Amino acid sequence: MMDTLFSKIIARQIPADIVYEDELCLAFRDINPQAPVHILIIPKNPIPKVIDATEADKDLLGHLLIVAGKIAKNEGHEEAFRLVINNGENAGQSVFHLHVHILAGRNFNWPPG
Ligand code: AMP
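Here is a short report on the structure shown in this document.

Definitions and limits used
Residues numbered from 1 in each chain as written. Predicted model: local features only at pLDDT ≥ 70, side-chain atom pairs only at ≥ 80, totals over all residues. Heavy atoms only, no water. Helix = DSSP H or I, 4+ residues; strand = E, 2+ residues; numbered from the N terminus. Expected span 1.5 Å × (residues − 1). Buried < 20%, exposed > 50% of the residue type's maximum accessible area, 1.4 Å probe, protein only. Arc of directions from axis to C-beta. Contact = heavy atoms within 4.5 Å. Near = heavy atom within 4 Å. Polar contact = N/O pair within 3.5 Å; in protein donor to acceptor, adjacent residues only side chain to side chain. Areas by Shrake-Rupley, 256 points an atom, 1.4 Å probe, with all protein chains shown as cover. Nonpolar A, V, L, I, M, F, W, Y, C, P; charged D, E, K, R; others polar. Pairing = 2+ DSSP bridges. Salt bridge = Lys/Arg side-chain N within 4 Å of Asp/Glu carboxyl O. Core = buried A, V, L, I, M, F, W, Y, C linked by side-chain atoms within 4.5 Å.

Re helix 2 (residues 58-74)
Taking 1.5 Å of rise per residue, 17 residues should cover 24 Å, and helix 2 covers 24 Å from first to last C-alpha, within 8% of that figure. Within helix 2 the residues assigned to the buried category are L60, L64, V67, A68, I71 and A72. End-on view of helix 2: buried residues confined to an arc of 140°, all on one side of the axis. More than 90 degrees from the buried face of helix 2, the exposed residues found are K58, D59, I66 and K73. Looking at the buried positions of helix 2, the neighbouring elements they touch are strand 1 (18-21), strand 2 (25-29), strand 3 (37-43), strand 4 (82-84) and strand 5 (100-104). Just downstream of helix 2 lies G76, where phi reads positive at about 85°.

Put into structure tokens, the structure is as follows:
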């Protein structure tokens, strides 16, 4: 797989405002926030899109959600936050290194745009 800029953030070749790290994932603030809190969680082992994940990734994917909840809580938003994963360009994916958006700090509409 091609290196994306998120791989460069993991390698500390590009700066980022990192809020959480463990052996499996890294979380940092989105450079173009869509809410008062907008954090991205990425697996260190890059998977381009959700559709590329396999059974072997199920613990990792579960871990990303558990970490997302912990980060939302740390940010003071355990009552209300939204998680988004865009899969594919037409769904809004622009960086092809799977990531979970954590959005919080404002009200969100449903259905989403
Ligand atoms: P997506 O459109 O779902 O692929 O999300 C990619 C996200 O990465 C967007 O919300 C961008 O604002 C964000 N982004 C792009 N470059 C950076 C960067 N260098 N640091 C932090 N976030 C970034």
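Picking up after the structure, the text goes on.
Thoughts on the site of the ligand
In the vicinity of the ligand, 16 residues are found, and the nearest of them are D30, N86, G92, S94 and H101. Separating an oxygen atom of the ligand from a side-chain N or O atom of N86 is a distance of 2.9 Å. Look at the ligand: alone it shows 510 Å² of surface, and the protein chains cover 84% of it. Residue assignment for the shell around the ligand shows that the elements contributing at least two residues are helix 1 (5-10) and strand 2. Among the elements that make up the shell around the ligand, the one with the highest residue count is helix 1 (three residues). Looking at the shell around the ligand residue by residue, the class counts come to seven nonpolar, seven polar and two charged.

Side note on the pairing of strand 2
With four of five residues buried, strand 2 lies mostly within the body of the structure. Sheet topology places strand 1 next to strand 2; three bridges connect them, and they run antiparallel. Paired with Y20 across the bridge in strand 2 is A27. Linking two consecutive strands that pair antiparallel, namely strand 1 and strand 2, is a turn of three residues. The pairing of strand 2 with strand 3 spans five bridges and is antiparallel. Opposite L26, over in strand 3, you have I42 as the bridge partner.

Describing the pattern of salt bridges
In the structure shown here, the tally under the stated rule is five salt bridges. With a shortest N-O distance of 2.7 Å, E21 and R12 are connected by a salt bridge. Residue class for R12 comes out partly exposed when judged on its relative accessible area of 46%. Linked through salt bridges whose partners overlap, the residues forming this network are R12, E21 and K44.

Here's the deal with the nonpolar core
Grouped together as the largest cluster of nonpolar side chains are 16 residues, with contacts concentrated most on I39, I41, L64, I71 and I102. Contributing elements (two or more residues each) for this core: strand 2, strand 3, helix 2 and strand 5. The element contributing the most residues to this core is helix 2, with six residues. Among all residues touching I102, those that are not within four sequence positions of it are V37, H38, I39, I41, A68, I71, A72, R82 and L83.

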